[in-house]
Structures are given as structure tokens and as C-alpha cells.
Amino acid sequence: MSSRDELSISTPGRICLFGEHQDYLLLPVIPAAISLRIVIKGRRRMDSTVNIALPDIDSRESFVLNTNLTYTKEREYFKSTVNVLRRSGFSFSSGFDCVVQSSIPIQAGTSSSSALVVGWVNFLAQMSDQATTLSQKQIACYAHEAEVLEFDEAGGMMDQYSTAFGGVIAIDFAPEVSVEPLNCRLGSFVLGDSCEPKDTQAILARVKGTVERIVDSLNGVSLHVATGSSIQEFRNQLSVEECELLAGTIRNHEITDEARMILKQTPLDHKRIGALLTQHQGILRDILKISTPKIDRMMDEALNAGALGGKINGSGGGGCMFAYAPANAERVAEAIERAGGKAYIVMVDEGTRVDQWIDG
């Protein structure tokens, strides 16, 4: 048995500041890791059994490490991560007893599942026979493969990269994936959980599928360079709704580009960032139609309480919103809760990390 037998890994949730519903179109996004984290604590066993306690949801998972773990239900991320790492040359001569606990809202658009997979990749790589400390990019790539590709789901790569890298980052996906840390001094945010259930895969399939179908029907159109005026010539080929959706997608791209420029400036223009967040929300609400009446009320109350701006977070149809409130987070949190939401005051946080090693 290794001299290092027990490990604690923590990984943040994330909010998408700019570029919501853009990453799967290979357009840039700007996410931020937040100070709500998932913690995986695990200790080696003398056999090949993996036991995982999930007290937050009153559940447990258990399996025996073997050559190939088969999936018996949807989204078996603990197993899929082992399979992905094994295919990449990692081996595991012992199992683990683990406990997973989280302060990240579950199924609410704050990347709780991606944080889990990113943390599990980090844990397994370091506890493997190879005892490897992976780079942030390697962790993100393995996590995306284990969470999205392994189950052929309709997600992008933003969640895995943002929770692996941490901080505020700009991610470009074309011509290849690249990450630019944005060392901006953002203040506090208030995350508001509507406690409304959401169907992420259905919403992603609807919005992504529709935009991709529109672009495919317009030969030669690239979302990376298209502007609102450049698509006027295609209006006769599209319905009114399709024109609106295409224009909204392009406008979201333009907002993200402007925000990226502002986030690099010193001093930071907090009011402009808030205004761009609210513009982004208007498109997500009115054109992509992914907001809900309750989230709209929570947003209105937050703005009335002095927030500089805000938007729905994640795929939409429920889940969370957030408001940027660097000067009055407590008052904004109270307003969100009066509107029926559950409020969390959060700051930008670092990515997945080792919190503790315990030598055996």
C-alpha cells in the first residue's frame, strides 16, 4: 500500500457570466468558478471494491474494479471516469472508500455534476498506481470525455474547463480549445436557486438543434464572424422565429466579445459588466426562451434591490439565476428570497485542488 493513503479533493461550481448556450456552437464563453464546492474524501482499501457515500442525497454507490465497468443506468460518472482513465493508461490496484459532500445546488445549472466528475478525475489520477498530478487542461478533457462523450450527451466543454481551471476564464473552442485567464477583480455575486426542476438535455437539444439546423441551411455562414447586418440577405430563407434565434445567437456572441475586452481593463467597469449581463438575460429570456416567470421575478427583485445586473445560469428552464452585487450582496440576497428563491452569496474561487493528503 502507498505511503499516501487518504486524499481530500475539492472542486468549485460555476456560473456562466457570458456566452450562455454558445459553447456547443464552438463560440467563446466566459465562466467563473464560485465559492460553493464539492468535496471528495477517500481512503484506499485492501481490495478492489469502490464504495462511495453520498449523504447529501441519501445514496450510496458501490462497484468492483475490473477490466471494464459496464453501465447499468444513466450517467454512471464514477464508473465512466475509471473507464476513461484506464483507456488512457491509468491502473488501480486497490479500491477506495469515499464520501462526497457538496454545497453546490444540485441540477440547478451550477455544474454540480461537472464539478463531481472533475474532482473524481483529480482524485483518481492522484490515487492511481501512477500517482499522477494532471494539468488543469488534462483534468478538463478527461472529465468531458467521461461525462459527455461516454454517454453521447448534448453538452459542451465549458463546465469541465471552468471547474478545473477556476477563476474567471475566457474559453475559445475554435480552431482548438484554448483558455485565457482573466485576472479581473470582480466583487460578490448572489446566486438564486429557483428550486424549479429543469430538463437540461431537453433544453440543450431544442436550442442547439434549432441553431445548428439554421446554420446548416445557410451555406457559408460562420457564427464566428457573422454580424446582425451580415445575415440580412438570408431573411427570405428563414421564418421570423428562425431569424430572431439566429440574430439572438449572434448578439450573444457580440456581448461576450465586449465583456471580454472590459474584463481585461483596469479599473474594471463594474456597471458596464452588470449592464451586459442584463442584456444577455434579455436575449436568453425573450429569444431563446429559457427563463421562467419565477426566475424573472427573482431577477426583477434583485435589480430593484440594487444589483448591477444578472442573468439566468445554465441551460435554463428552471434552476438558478445570479445577480452581480459587489456593494450590497446582503440586500440583494434578501430580495431574491422574498421572491421565493434560495440565495447564496458567492465570490470567484479557484479550481479543483488537493485540500489534504494523509499519509498511511
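What counts as what
- Residues numbered from 1 in each chain as written.
- Predicted model: local features only at pLDDT ≥ 70, side-chain atom pairs only at ≥ 80, totals over all residues.
- Heavy atoms only, no water.
- Core = buried A, V, L, I, M, F, W, Y, C linked by side-chain atoms within 4.5 Å.
- Buried < 20%, exposed > 50% of the residue type's maximum accessible area, 1.4 Å probe, protein only.
- Helix = DSSP H or I, 4+ residues; strand = E, 2+ residues; numbered from the N terminus.
- Contact = heavy atoms within 4.5 Å.
- Phe/Tyr/Trp six-rings, centres within 6.5 Å; stacked < 30°, edge-to-face > 60°.
- Pairing = 2+ DSSP bridges.
- Axes fitted to C-alpha atoms, helices over the stretch in contact; angles between N-to-C directions.

Leu17, Trp120 and Phe123 are the most contacted members of the largest nonpolar core, which has 119 residues in total. The element that contributes the greatest number of residues to this core is helix 2 (residues 112–127), accounting for 10 residues. Setting aside anything within four residues of it in sequence, one finds tryptophan 120 in contact with Ile40, Val50, Ile52, Tyr77, Phe78, Thr81, Val82 and Cys98.

So, about the packing of aromatic side chains. This model, assessed by the stated rule, comprises 9 aromatic pairs. With 5.4 Å between their ring centres and 75 degrees between their planes, phenylalanine 96 and phenylalanine 123 make a pair best called edge-to-face. One end of the pair, phenylalanine 96, is in strand 5 (residues 96–102); the other, phenylalanine 123, is in helix 2, with 27 residues separating them in the sequence. Exposure remark for phenylalanine 96: the relative accessible area of 1% places this residue in the buried category. Seen from their ring centres, tyrosine 161 and phenylalanine 165 are 5.9 Å apart, and the 10 degrees between their planes marks the pair as stacked. Separated by 4 residues within a single helix, tyrosine 161 and phenylalanine 165 lie in helix 4 (residues 158–165), roughly one turn from each other. Residue class for phenylalanine 165 comes out buried when judged on its relative accessible area of 19%. Here a set of aromatic residues connected by ring pairs shows up, and it is made of Phe78, Phe96, Trp120 and Phe123.

The buried count for strand 3 (residues 49–54) comes to 6 of 6 residues, which makes it a mostly enclosed element. Where strand 3 and strand 4 (residues 59–64) come together, 6 bridges link them in antiparallel fashion. Within strand 4, the residue paired with threonine 49 across the bridge is valine 64. Remark: 4 residues form the turn of the hairpin made by strand 3 and strand 4, two consecutive strands paired antiparallel; aspartate 58 in that turn has positive phi of roughly 50 degrees. Looking at chain direction, strand 3 and strand 5 are connected through 4 bridges and run parallel. Paired with alanine 53 across the bridge in strand 5 is valine 99.

Before going further, it helps to examine the environment of valine 207. Along the chain, the position of valine 207 falls in helix 5 (residues 200–217). Looking at valine 207, the relative accessible area reads 3%, which means it is buried. For valine 207 and threonine 110, which are 97 residues apart along the polypeptide, the C-alpha to C-alpha distance reads 19 Å. Look past the residues within four positions of valine 207 in its chain and what remains in contact with it is His21, Tyr24, Leu288 and Ile290.

Turning our eyes to something else, we now look at the side chain of histidine 144. Looking at the element boundaries, histidine 144 is found in helix 3 (residues 136–147). Histidine 144 has contacts with Leu149, Gly155, Gly156, Met157 and Gln160, leaving out every residue within four places of it along the chain.

Moving on, we get to the sheet that holds strand 10 (residues 320–324). If you trace the 4 strands from one edge of the open sheet to the other, you get 9-10-8-11, paired in antiparallel fashion. With one partner strand each, in any of the chains shown, strand 9 (309–313) and strand 11 (342–346) form the two edges of the open sheet. Pairwise comparison of adjacent strand axes, ignoring direction, gives a mean angle of 20 degrees for this sheet. Judged from the 5 bridges that link them, strand 8 (residues 189–193) and strand 11 form a sheet pairing that is antiparallel. The partner of phenylalanine 189 across the bridge, within strand 11, is valine 346. Lying over the sheet, helix 8 (residues 293–304) contacts strand 8, strand 9 and strand 10, oriented at roughly 15 degrees with respect to strand 10. Sitting on the sheet, helix 9 (residues 329–338) touches strand 8, strand 10 and strand 11, and the angle it makes with strand 11 is about 160 degrees.

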